[in-house]
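# Inside the fold
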Amino acid sequence: MTKFTDLGLKPDLLSAITKAGYDTPTPIQQKAIPLVLEGRDLIGLAQTGTGKTAAFGLPLIDRLMGAGAKPTPKSVRALILAPTRELVNQIAANLTAYTKDTPIRVVTVVGGQSLNNQVKKLERGTHILVATPGRLIDLCDRRAVFLDTVTYLVLDEADQMLDMGFIHALRKIAAKLAKPRQTLLFSATMPAQMEELSRAYLTDPARVQVSPPGKAADKITQALHYVPQGDKTELLKDYLNKDPDGLSLVFARTKHGAEKLKKNLEASGFKATSIHGNKSQNQRDRAIRDFKAGEARILVATDVAARGIDIPGVSHVYNYDLPEVAENYVHRIGRTARAGAEGEAIAFCSATEIGYLRQIEKVMKLTIPVVGGERPIEQKPEKRGGRGGGGGGNRGGGQRRSQPKPANQSHGKPKRNNRRRRKPAA
Ligand code: AMP
């Protein structure tokens, strides 16, 4: 079995890894760490929960430690871009743990927080900057930071960044970076646009893949419950009551729906909190803190939260509403069974969600075992903007890629292209 000591990392880092409680490297770490240490560009196809932050973070820190010399004011050596504030904070929290006993400095910049504080943090220069693209451009425009000394670039959750319309921001940022540089691209899926992105920014990249995109971690037990939309809340309560000690993440389609559900659960005596695009940064941080600490045992979320949060003890993921984008199902259920733990993913499917279910099962290449209810006759999903469905209300924080088209909509006159880009998080 490969051990961390076999990977060529510096002793200081090995002790940080031990302190973090890691025993053996995960498959993506075994494959990626030696390549990054060699200086190779890399495309990592890995889903959440595989340990990919350490897969790029550890060798990056190792290389920065080897380079010596303090960063000059307003300069950056390694830039890590991620789509959401939560993911930025998560990455930075991991890197801060790994760098605790080293001189390596980690700074974050994200939207929704004081610009002045971030300007101050950048003044002294940093080894590693973890950022959302929008806020970083803002800070570059204000000349609070200069990126011409960036020799390491990491694009994390690159597919989601493209999805959220960050492509122009990425181009703008890439043009400011040093050349040559080492670039690492991590993504759960590899849409065609990603191939373009990798051709533009990576040189002769090595590819590592730990499980085919779309395949959920093996430790997740999946189950499907057919249920009319109006009965979902009661069904959820039944499930939650069966497992009072569990830590449950519940996904709703819209911001409005997530909030309504959270309030309903609270009114029934459940300790619930919520995270979605209508919450301020402070509220989002508090919700995650409460959930992590077990003070709230239920977190109701939209997809905005799906990728960034890493909570080790999540025992159950409920797809209260099925996602319209099949890949988001993979990301959602990847919130449980992280790093070797076991978890359950339970999906609720109403008559209007059969089309989404079909897409999910196609992407996952499996049939989710049915544990309750009867398969209803398929109905067309309600038009967006209506108040129907468990989510109800306005378009929420769910990222949309392509809208899976239920079979019964496949004929008839062409529809207006209703793809809209979600406003970037930063
Ligand atoms: P990530 O996929 O980077 O979000 O990591 C998922 C979780 O696994 C995080 O809580 C990490 O701290 C944890 N983790 C990463 N690498 C290891 C490892 N080698 N052993 C145990 N846990 C790990």
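Residues numbered from 1 in each chain as written. Predicted model: local features only at pLDDT ≥ 70, side-chain atom pairs only at ≥ 80, totals over all residues. Heavy atoms only, no water.

### Quick look at the overall build of the protein chain
Quick reminder of the rule: Strands are runs of DSSP state E lasting at least 2 residues, helices are runs of H or I lasting at least 4, and numbering of each runs from the N terminus. Relative accessibility under 20% of the residue-type maximum defines a buried residue, over 50% an exposed one, and the middle range a partly exposed one, all with a 1.4 Å probe and only protein chains included. In what follows, a contact means two residues having at least one pair of non-hydrogen atoms within 4.5 Å. Note on areas: these come from Shrake-Rupley sampling with a 1.4 Å probe, and a residue is covered only by the protein chains present in the view.
Across its full length, the protein chain holds 15 helices and 14 strands. In the protein chain, buried positions account for 58% of the 426 residues. Partitioning the contacts of the protein chain with sequence separation of at least 6, the portion at a separation of at least 24 is 77%. In the form shown here, the protein chain has an accessible surface area of approximately 18400 Å², with 49% of it arising from carbon and sulfur atoms.

### A closer look at the packing of helix H3 (residues 52-67) against helix H4 (residues 85-98)
Short version of the rule: Inter-axis angles, ranging from 0 to 180 degrees, are taken between N-to-C directions of lines fitted to C-alpha atoms, where helices are fitted over the stretch in contact. Put simply, angles under 35 degrees are roughly parallel, angles over 145 are roughly antiparallel, angles from 65 to 115 are roughly perpendicular, and the rest are oblique. Two helices crossing with the near one rotated counterclockwise from the far one by less than a right angle form a left-handed crossing, whereas a clockwise rotation gives a right-handed crossing.
Where H3 contacts H4, the two axes come as close as 10 Å, and the packing angle between them is 45°. Judged by the angle between their axes, H3 and H4 are oblique. In this structure, the crossing between H3 and H4 has a hand that is right-handed. In contact with Thr53, Ala54, Phe56, Gly57, Leu58 and Ile61 of H3, H4 contributes Ile91, Asn94, Leu95 and Tyr98.

### So, the sheet that holds strand E14 (residues 370-372)
Sheet strands pair by backbone hydrogen bonding; their relative direction is either parallel or antiparallel. To keep things clear, this is the line we draw: Pairing between strands is defined by DSSP: at least two bridges between them are needed.
Taken in spatial order, the seven strands make up an open sheet running E10-E11-E9-E12-E13-E8-E14, and their pairing is parallel. Two strands lie at the open edges of the sheet, namely strand E10 (272-275) and E14, each paired on one side alone. Taken over all neighbouring pairs, the strand axes of this sheet differ in orientation by 25° on average, direction set aside. Pairing between strand E9 (residues 248-251) and strand E11 (residues 298-301): four bridges, direction parallel. Each bridged residue has a counterpart across the sheet, and for leucine 249 the counterpart in E11 is leucine 299. Its contacts with the sheet put helix H11 (residues 255-267) on E9, E10 and E11, and the angle it makes with E10 is roughly 170°. Sitting on the sheet, helix H15 (residues 354-364) touches strand E8 (220-226) and strand E13 (343-349), and the angle it makes with E8 is about 160°.

### Some details on the pairing of strand E1 (residues 42-45)
Put simply, side chains in a regular strand alternate between the two faces of the sheet. Along E1, one buried face is formed by Leu42 and Gly44 and the opposite face, lined by Ile43 and Leu45, is buried too. Where E1 and strand E6 (residues 182-187) come together, four bridges link them in parallel fashion. Within E6, the position partnered with leucine 45 by the bridge is serine 187. With four bridges connecting them, E1 and strand E7 (residues 206-209) associate as parallel partners. Paired with leucine 45 across the two strands is glutamine 209, which belongs to E7.

### Re the pairing of E11
This is how it is decided: Clockwise travel from the first strand over the helix to the second, with the strands pointing away from the viewer, marks a crossover as right-handed.
Across the two faces of E11 the burial is the same, with Ile298 and Val300 and Leu299 and Ala301 all buried. Looking at chain direction, E10 and E11 are connected through four bridges and run parallel. Within E11, the residue paired with alanine 272 across the bridge is isoleucine 298. At this point the chain moves from E10, through helix H12 (residues 281-292), to the parallel E11, and the crossover so formed is right-handed.

### Points about the nonpolar core
What counts, and what does not: Take the buried Ala, Val, Leu, Ile, Met, Phe, Trp, Tyr and Cys residues and link them wherever side-chain atoms come within 4.5 Å; each set so joined is a nonpolar core.
Of all hydrophobic cores here, the largest spans 41 residues; its most connected members are Leu42, Leu58, Ile80, Leu95, Ile128 and Val130. Sorting elements by how many residues they give to this core places H3 first, with eight residues. For leucine 95, the contacting residues outside a window of four places in its chain are Gly57, Ile61, Ile80, Val106, Ile128 and Val130.

### Things to note about the pattern of salt bridges
Opposite charge on two side chains allows them to pair when their charged atoms are near. The condition is simple: Any Lys or Arg side-chain nitrogen located within 4 Å of an Asp or Glu carboxyl oxygen qualifies as a salt bridge.
Summed over the entire model, instances satisfying the criterion amount to 17 salt bridges. Measuring nitrogen to oxygen at the nearest pair gives 3.1 Å for the salt bridge that ties lysine 10 to aspartate 62. Of the two residues, lysine 10 is situated in the segment before helix H1 (11-19) and aspartate 62 in helix H3; the sequence distance between them amounts to 52 residues. For lysine 10, a relative accessible area of 29% gives the class partly exposed. Overall, aspartate 62 belongs to the buried group, its relative accessible area being 6%. Between arginine 253 and glutamate 353 there is a salt bridge, and its shortest N-O distance comes to 2.8 Å.

### A word on the confidence of the model for the protein chain
Heads up, the condition is: Note on scores: pLDDT gives the predictor's confidence for each residue, bounded by 0 and 100.
Taken residue by residue, the protein chain gives an average pLDDT of 84. The fraction at 70 or more is 85%. Counting contacts from residues 385-426, a segment whose pLDDT is below 50, to residues more than four positions away or on other chains yields 103 contacts.

### Quick look at the packing of aromatic side chains
For clarity, the threshold we go by: Two rings from Phe, Tyr or Trp (for Trp, the six-membered ring) form a pair when their centres are within 6.5 Å of each other. A pair whose planes differ by under 30 degrees is stacked, one over 60 is edge-to-face, and the rest are tilted. The rule is short: NZ of Lys or CZ of Arg within 6 Å of the ring centre and within 35 degrees of the ring normal puts a charge over the ring.
In the structure shown here, the tally under the stated rule is six aromatic pairs. A network of ring pairs unites the aromatic residues Tyr239, Tyr318, Tyr320 and Phe348 as a single cluster. The ring of tyrosine 320 is capped by lysine 232, whose NZ or CZ atom sits 5.8 Å from the centre of that ring. Cation over ring: lysine 242 sits above tyrosine 239, and NZ or CZ is 4.5 Å from the ring centre.

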